[in-house]
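Okay, here's what each chain looks like letter by letter:
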Amino acid sequence: MKSATPKVLHELCGRSLVGHVLAAAGELHPENLVVVVGHAREKVTAHLGEIAPDVRTAVQAEQNGTGHAVRMGLEALGGSVDGTVVVVCGDTPLLTGETLRALSATHTQDGNAVTVLTAEVPDATGYGRIVRDDSGAVTAIVEHKDATDAQRSIREINSGVFAFDGQLLADALKKVRTDNSQGEEYLTDVLGILREAGHRVGASVAGDHREIAGINNRVQLSEARRILNDRLLTEAMLSGVTVIDPATTWIDVTVTFEQDSVVHPGTQLHGSTHLGEGAEVGPNCRLTDTRVDAGARVDNTVAVGAEVGPGASVGPFAYLRPGTRLGAKGKIGTYVETKNASIGEGTKVPHLSYVGDATIGEYSNIGAASVFVNYDGQEKHHTTVGSHCRTGSDNMFVAPVTVGDGAYTAAGSVITKDVPPGSLAVARGQQRNIEGWVARKRPGSAAAKAAEAASRGSAEEG
């Protein structure tokens, strides 16, 4: 990956590669789930502690091959286990729980010692081929370089995912040799060992060959992201969501929708974002961990950790920072930024304003170019504006301060003291006109000439 980040911690659609694999494996409801860690194990283990604290880890201190890795995993469980052991790779994010369930079911139904997950691909060049006998049992996995022309015509390939009989796996791993070019223990050697012992080796074919794709570089990462995103959008659309342009819409696996929500082009939905029934988002929105309730409209907006109430509207060109709570039928308009702000039902902050660390009641209107001055250089302070208030344009609310219910504030005011309910607050200097200032201070300028012409015109009219 050419990165300081371990490969399995690279992300797509809101999860790490290993996070996707764990999610698929978890759908089997296994008695034990073990992740074998080796390279950069401190980072990987810390990540696992965040996303799957119940998962066990087994350390492969030296990377001595896939068979050795599985042996380390079994040792973490006491050396062997009864029942089925499913082995998956940590870099296959497109693998689904459905495919793993089918693999496990085939393994049990066919009475196999080991069952290989395979896939039929359009071009099998470079992959190990699955060779079967007339009964359908797997007789060999032949690497491309070792395959005959007839074997190279086979399009069924090995995925590196297996289901084993736990006891037979443990016994066979003890017999795996390292007399190969890499000097490593290969898990695939277990298949030959079990077959020579008279056990059946079977296969389960994945429905979509793309599921088994491993990620080894950022090109493959981007390709997997596109595939998974398309899968998520298809699922959303089939459940009743309108996605106007899937090609420019990106969502995480944790995003949820209700029926008849609409997503316009150029929109990204991340984290725990949820769109309610009939909600409409976009174009050009990026919402993270944000709830948009039924019938709300969000346009050209960035939102993080925000809630938009039923029937409310946001944007265009708004920024909702964490802690923003907009009530039903409220409005956050153009070039408005909010943070840690509770804005009540029907209240409007229409344009060119900053509302931070504030509580605003119901059906109030915040005038244009208003700033909630919440920071004194050391601490943040809170502003409260009541219900049914009308604040003038170009107001500064210097926190901590309270504006009571039904109060008004005059345009251009700097509010530093509490305003009682029903009062009008005026906090600005008296206007003073200094006549003739331009002619004296800017003689000959365009402004002076315009003023002189206006004065002559007034005199002539008089």
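Tallying secondary structure elements over the chain gives ten helices and 36 strands in all. Against the 2.2 N^0.38 benchmark of 23 Å for 462 residues, the chain shows a C-alpha radius of gyration of 33 Å, more extended than a compact globule. Per-residue burial for the chain yields a buried fraction of 43% across its 462 residues. Counting only carbon and sulfur atoms, one obtains 49% of the accessible surface of the chain, whose full area is about 23000 Å². The positive charge centre, built from 42 side chains, and the negative charge centre, built from 55, are 8 Å apart in the chain.

Within helix 1 (residues 17–26), eight of the ten residues are buried, which leaves the element mostly enclosed by the surrounding structure. On its buried face, helix 1 sits against strand 1 (11–12), strand 2 (15–16), strand 3 (34–37), helix 2 (41–51), helix 4 (97–109) and helix 8 (218–238).

In this structure, the second largest pocket spans a volume of roughly 550 Å³. Lining the second largest pocket are 24 residues, with Leu228, Arg231, Leu232, Glu235 and Val253 sitting closest to its centre. At the level of secondary structure, the elements contributing two or more residues to the lining of the second largest pocket comprise helix 1, helix 4, helix 8 and strand 13 (256–257). If one sorts the elements of the lining of the second largest pocket by residue count, helix 8 sits on top with five residues. Its residues assigned to classes, the lining of the second largest pocket shows eleven nonpolar, five polar and eight charged.

Take the pattern of salt bridges next. Enumeration according to the criterion identifies 15 salt bridges in this entry. When the shortest N-O distance is used, the salt bridge between Asp230 and Arg226 registers 3.1 Å. Within this pair, Asp230 and its partner Arg226 are both found in helix 8, separated by four residues, close to a single helical turn. The exposure class of Asp230 is partly exposed, given its relative accessible area of 32%. The closest approach of N and O atoms between Arg291 and Asp293, which form a salt bridge, is 2.6 Å. The network of salt bridges with common partners includes Arg71, Glu75 and Glu185.

Let's shift gears to the pairing of strand 5 (residues 84–87). Within a regular beta strand, the side chains point alternately toward one face of the sheet and then the other, so they alternate between its two faces. Going residue by residue along strand 5, you find Val85 and Val87 tucked away on one face and Thr84 and Val86 left uncovered on the opposite face. Sheet topology note: the strand 5/strand 9 (residues 156–165) ladder contains four bridges and is antiparallel. If you follow Val87 over to strand 9, its bridge partner there is Phe162.

This brings us to the nonpolar core. Counting residues in hydrophobic clusters, the biggest one holds 54 residues, and the most contacted among them are Val292 and Val308. When residues of this core are assigned to their parent elements, the largest contribution, seven residues, is made by helix 8. Counting residues in each nonpolar core, the second largest holds 25 residues, with Phe164, Val190, Leu191 and Leu194 among its members.

This paragraph deals with unusual backbone geometry. The peptide bond linking Gly282 to Pro283 adopts the cis configuration, its omega dihedral lying at 5 degrees. Residue placement: Pro283 occurs in the loop between strand 17 (280–281) and strand 18 (286–288). In the segment running from Ala399 into Pro400, the intervening peptide bond is cis, with an omega of 0 degrees. Within the fold, Pro400 resides in the loop between strand 32 (396–398) and strand 33 (401–403). Notably, His29 is not glycine yet its phi reads approximately 50 degrees, a positive angle. Position of His29 relative to the elements: it lies in the loop between helix 1 and strand 3. Taking relative accessible area as the criterion, His29 reaches 69% and is therefore assigned exposed. Its identity as a non-glycine residue notwithstanding, Asn340 has a phi of 45 degrees, on the positive side.

With that out of the way, let us pick up the environment of Ala279. By secondary structure assignment, the location of Ala279 is in the loop between strand 16 (274–275) and strand 17. As for Ala279 and Val263, which are separated by 16 residues in sequence, their C-alpha atoms are 8.5 Å apart. Apart from residues lying up to four places away in sequence, Ala279 is in contact with Asp260, Ser261, Val262, Val292, Asp293, Gly295 and Ala296.

Cut-off values and rules
- Residues numbered from 1 in each chain as written.
- Predicted model: local features only at pLDDT ≥ 70, side-chain atom pairs only at ≥ 80, totals over all residues.
- Heavy atoms only, no water.
- Helix = DSSP H or I, 4+ residues; strand = E, 2+ residues; numbered from the N terminus.
- Rg over C-alpha atoms; globule rule 2.2 N^0.38 Å.
- Buried < 20%, exposed > 50% of the residue type's maximum accessible area, 1.4 Å probe, protein only.
- Areas by Shrake-Rupley, 256 points an atom, 1.4 Å probe, with all protein chains shown as cover.
- Lys, Arg positive; Asp, Glu negative; His and termini not counted.
- Charge placed at Lys NZ, Arg CZ, Asp CG, Glu CD.
- Contact = heavy atoms within 4.5 Å.
- 1 Å grid on protein atoms, 1.4 Å probe; cavity = no way out; pocket = protein on both sides within 12 Å on 5 of 7 lines; lining within 4 Å.
- Points joined across faces, edges and corners; volume = space filled by probe spheres on them.
- Nonpolar A, V, L, I, M, F, W, Y, C, P; charged D, E, K, R; others polar.
- Salt bridge = Lys/Arg side-chain N within 4 Å of Asp/Glu carboxyl O.
- Pairing = 2+ DSSP bridges.
- Core = buried A, V, L, I, M, F, W, Y, C linked by side-chain atoms within 4.5 Å.

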